[in-house]
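So you can see what is in the structure, the chains are spelled out below.
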Amino acid sequence: MTTPPVTPAPPGPMTLGSILRTRWRRIAAGAVLNFGSALAGVGAVALFTHALTAPAIDLWQVAGLGLLLVAALFGLGMASQSLIVGAGHAIVHDLRLRLVRRLMATEVETIDGIGSARILSTLTKDVSMISQAFNSLPFVIFGGAVLICGYGYLVWQSAAYALALATVTVLVVFVARGLAVRAKHHRRLAREADTRIHEAFEALIRGRNELRLSRVRRAAFLRDGLEPAVEEARRQESTADLFGVLTSNVVNAAVLLTILVILVLKQGLGLGSLEQATAATTLILFIRAPLAGLIGSLPHWLAGTVAVRSVESLALAGQVAEPPLPPAANDWSRLDLSGLGYRYPARGADAGFAFGPVDLSVAQGELVFIIGGNGSGKSTFARLAAGLYPPQQGGIRFAGRDITASERDWYRQHVAVILSDFHLFQQALAADGETPSMEAADRLLRLLALDGKVRLAGGAWSTVSLSQGQRKRLALIAAILENKSILILDEWAADQDPEFRRIFYTGILPLLKGQGKTIIAITHDDHYFDVADSLYKMENGVLTRIRGVRAS
């Protein structure tokens, strides 16, 4: 299975400039064409000004040349905008894939610490803001090209008029930048409110049952959670947009102000000729729209800067190519967890849960049960044993190899785990990444009593909209089809009915063990403890072997 190539990101922290450099050739070509278009526009202004003020002209010659210049303005402008717009969309396309790849390369521990609401807000809101910044790129480049060419022409016509236009433009840019900085501040506050909105939306979905059961809770959820965040986002976005409107009006006022200055210079001080004054006025009217586009893009670029900083603040893993993995260890003797320890970070008065040190040695094909109360550390053990969390002390030895950070991904390819917060993908995969055989899928669906509800079609399950117990069964089928040698199950049977629990413990687990699978099952079902080869108890982050259970 392949994915589309993504332009590699330059080293160092991500900025709008570093993102821009990934498509610099296309943007540079568009900028060159933009200058050609700007020169054609300014040339047309010069031609028309001369024609309006000259005592005698060849009308048809002027009209023909004018049409050629207008055609060049349009054609080169279209070509340049197509290149730059295409580059902007390609940049956003690359950015989305790059962020997803960085997210997939980030350790689960880091992702859990960030939180799903903040990540979703980044993948939606921040990428959208960065997209808007690059969508304004054509206005920036064309506006800059027109200003450079226009100033050059005006300097050639009259230094005084050029100085007047430059003075007003600098003032406009200075004021617009100040307004944009204010808008940036409010965009940042709106961005923080958006994260709280995503958190509220997540709670709305996850807590739908509790909300439906309690009118008081629904009212409190709106009053204390969602409504304040939505109101804050509205207020900050409105304020930021107001500064954008002010910027646009400043540009409109500056155009008329500049024409007024030229009028005073010509009629009051007698500077310049009629042709020069007419040329300056016509040029100002011509550059008005490009100047407005250039200045109007400032808020988008500053908002894009805020978004890029927000993305970088997640501290996702860098985008690196996944190295080839050594061959899988199909035959191995033992999995040894030696002195595994982990401490969750402190939060306020909570010092953070301390897990371990834990020692466990499991033989290939062994069936291990782990029991323990809520909060005893069983789920932390499952994450550490599966390689999802890196141990802060101790280590894992598997198939005769010490699992270092560089080998953790290789080790994880041998482990399938179904945690309490598991996700069930619609797509079904075999060990080689291809579609599983229909025969194998149908056999497992019958074994786990799902053959009347789910089928494999086109490489995907026909539905994943099932009860929690049925979803866990389908997740187990998916894990078995991946054919990994170690299977870790966190309270898998908790959502099954009594009859299917019996089938699971007395039929399915022995069947998997007979196929050479090593199974570590976290369970509370004491009626079936005799099925296990080994039984352990987790209490306060410490694992203890229970005596009197038959050895493997």
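The structure under discussion appears in the preceding block.
Computed from a prediction, not measured in an experiment: that's the story for all the values here.

Definitions and cut-offs
- Residues numbered from 1 in each chain as written.
- Predicted model: local features only at pLDDT ≥ 70, side-chain atom pairs only at ≥ 80, totals over all residues.
- Heavy atoms only, no water.
- Helix = DSSP H or I, 4+ residues; strand = E, 2+ residues; numbered from the N terminus.
- Rg over C-alpha atoms; globule rule 2.2 N^0.38 Å.
- Buried < 20%, exposed > 50% of the residue type's maximum accessible area, 1.4 Å probe, protein only.
- Contact = heavy atoms within 4.5 Å.
- Areas by Shrake-Rupley, 256 points an atom, 1.4 Å probe, with all protein chains shown as cover.
- Core = buried A, V, L, I, M, F, W, Y, C linked by side-chain atoms within 4.5 Å.
- Phe/Tyr/Trp six-rings, centres within 6.5 Å; stacked < 30°, edge-to-face > 60°.
- Lys NZ or Arg CZ within 6 Å of the ring centre and 35° of its normal.
- Patch = residues over 30% accessible without salt bridge, like charges linked within 9 Å, V, L, I, M, F, W, Y side chains within 5 Å.
- Salt bridge = Lys/Arg side-chain N within 4 Å of Asp/Glu carboxyl O.
- Pairing = 2+ DSSP bridges.
- Axes fitted to C-alpha atoms, helices over the stretch in contact; angles between N-to-C directions.
- Parallel < 35°, antiparallel > 145°, perpendicular 65-115°, else oblique.
- Left-handed = near helix turned anticlockwise from the far one by under 90°.
- Nonpolar A, V, L, I, M, F, W, Y, C, P; charged D, E, K, R; others polar.

1. Concerning the overall build of the protein
When helices and strands are counted, the protein shows 15 helices and 12 strands. Compactness check: the protein gives a C-alpha radius of gyration of 33 Å against a globular reference of 24 Å for 552 residues, more than 25% above the reference. With respect to the principal axes defined by its C-alpha atoms, the protein has extents near 115 × 50 × 45 Å. Looking at the protein as a whole, 44% of its 552 residues are labelled buried. For the protein, restricting intrachain contacts to residue pairs at least 6 apart in sequence, the fraction spanning at least 24 positions comes to 76%. Carbon and sulfur atoms make up 61% of the accessible area of the protein, which amounts to about 28,000 Å² in all.

2. Some words on the environment of Leu39
By the secondary structure assignment, Leu39 is in helix α2 (residues 24-53). Along the chain, Leu39 and Ala72 lie 33 residues apart, while their C-alpha atoms are 9.2 Å from each other.

3. A look at the nonpolar core
Membership of the largest hydrophobic core comes to 43 residues, with the highest contact counts inside it found for Phe369, Trp461, Leu474, Leu476 and Leu489. When residues of this core are traced back to their parent elements, those giving at least two are β3 (367-371), β6 (415-418), α13 (438-447), α14 (468-481), β9 (486-490), α15 (498-514) and β10 (518-522). Per-element tally for this core: the top contributor is α14, with 7 residues. Ignoring any residue separated from it by four or fewer positions in sequence, one finds Leu474 in contact with Leu424, Leu445, Leu450, Val454, Trp461, Thr463, Val464 and Leu466. Phe381, Ala382, Ala386 and Tyr536 belong to the second largest nonpolar core, which has 33 residues in total.

4. Re the packing of aromatic side chains
By the definition in use, this model includes 13 aromatic pairs. Ring geometry for Tyr344 versus Phe353: centroids 6.5 Å apart, planes at 40°, classification tilted. You can call Phe353 partly exposed: its relative accessible area is 27%. Taken together, the ring pairs connect Phe369, Trp492, Phe500, Phe504, Tyr505 and Tyr528 into an aromatic cluster. The ring of Trp410 carries the charged tip of Arg401 above its face, separated from the ring centre by 4.3 Å. Note that Arg473 overlies the ring of Phe500, its terminal NZ or CZ placed 4.0 Å from the centroid.

5. Topic: a nonpolar patch on the surface
On the surface, Leu257, Leu260, Leu263 and Val264 cluster together into a nonpolar patch covering about 350 Å² of accessible area. Mapped onto the elements, Leu257 comes out in helix α9 (residues 215-268). Using a relative accessible area of 45% as the deciding quantity, one classes Leu257 as partly exposed.

6. Some thoughts on the pattern of salt bridges
In this structure the tally under the stated criterion is 19 salt bridges. In this structure, Asp421 engages Arg383 in a salt bridge whose closest nitrogen and oxygen atoms are separated by 3.3 Å. Remark: Arg383 occurs in helix α11 (residues 378-385) and Asp421 occurs in the loop between β6 and α13; sequence separation between them is 38 residues. Its relative accessible area of 52% is what places Asp421 among the exposed residues.

7. Structural notes on the sheet that holds β6
Spatially, 6 strands are ordered β6-β9-β10-β3-β11-β12 in an open sheet, and the strand pairing comes out mixed. Each having just a single partner strand, β6 and β12 (542-545) make up the two edges of the open sheet. The mean inter-strand angle of the sheet, taken between neighbouring strand axes irrespective of direction, is 20°. Bridging between β9 and β10 involves 5 bridges; their strand directions are parallel. Looking at β10, one finds that Asp490 is bridged to Ile522. Against the sheet, α15 touches β3, β9 and β10, its axis set at about 135° to β3.

8. Looking at the environment of Ala159
By secondary structure assignment, the location of Ala159 is in helix α7 (residues 159-206). As a C-alpha pair, Ala159 and Ala117 span 42 residues in sequence and 57 Å in three-dimensional space.

9. Some remarks on the sheet that holds strand β5 (residues 401-402)
What the 4 strands build is an open sheet, ordered β2-β1-β4-β5; its pairing is antiparallel. Sheet topology places β2 (354-363) and β5 at the edges, where each strand pairs with a single neighbour. Where strand β1 (residues 334-343) meets β2, 7 bridges bridge the pair, whose relative direction is antiparallel. When the bridges of β2 are listed, Tyr342 appears paired with Phe355.

10. A closer look at the environment of Gly516
Inspection of the secondary structure assignment puts Gly516 in the loop between α15 and β10. A sequence separation of 446 residues divides Gly516 from Val70, and the C-alpha atoms of the two residues are 77 Å apart. The residues contacting Gly516, other than those within four sequence positions of it, are Gln364, Gly365 and Ser485.

11. Let's talk about the packing of helix α5 (residues 116-135) against α7
Running from N to C, α5 and α7 cross one another at 125°; their axes reach a closest spacing of 8 Å. Between α5 and α7, the angle falls in the class oblique. In the crossing of α5 with α7, the sense of the turn from one axis to the other is right-handed. Within the contact between the two elements, α5 uses Ser116, Ala117, Arg118, Leu120, Ser121, Thr122, Thr124, Lys125 and Asp126 and α7 uses Arg191, Asp194, Thr195, His198, Glu199 and Glu202. Grouping the constituent residues of the contact of α5 with α7 by class yields 2 nonpolar, 6 polar and 7 charged.

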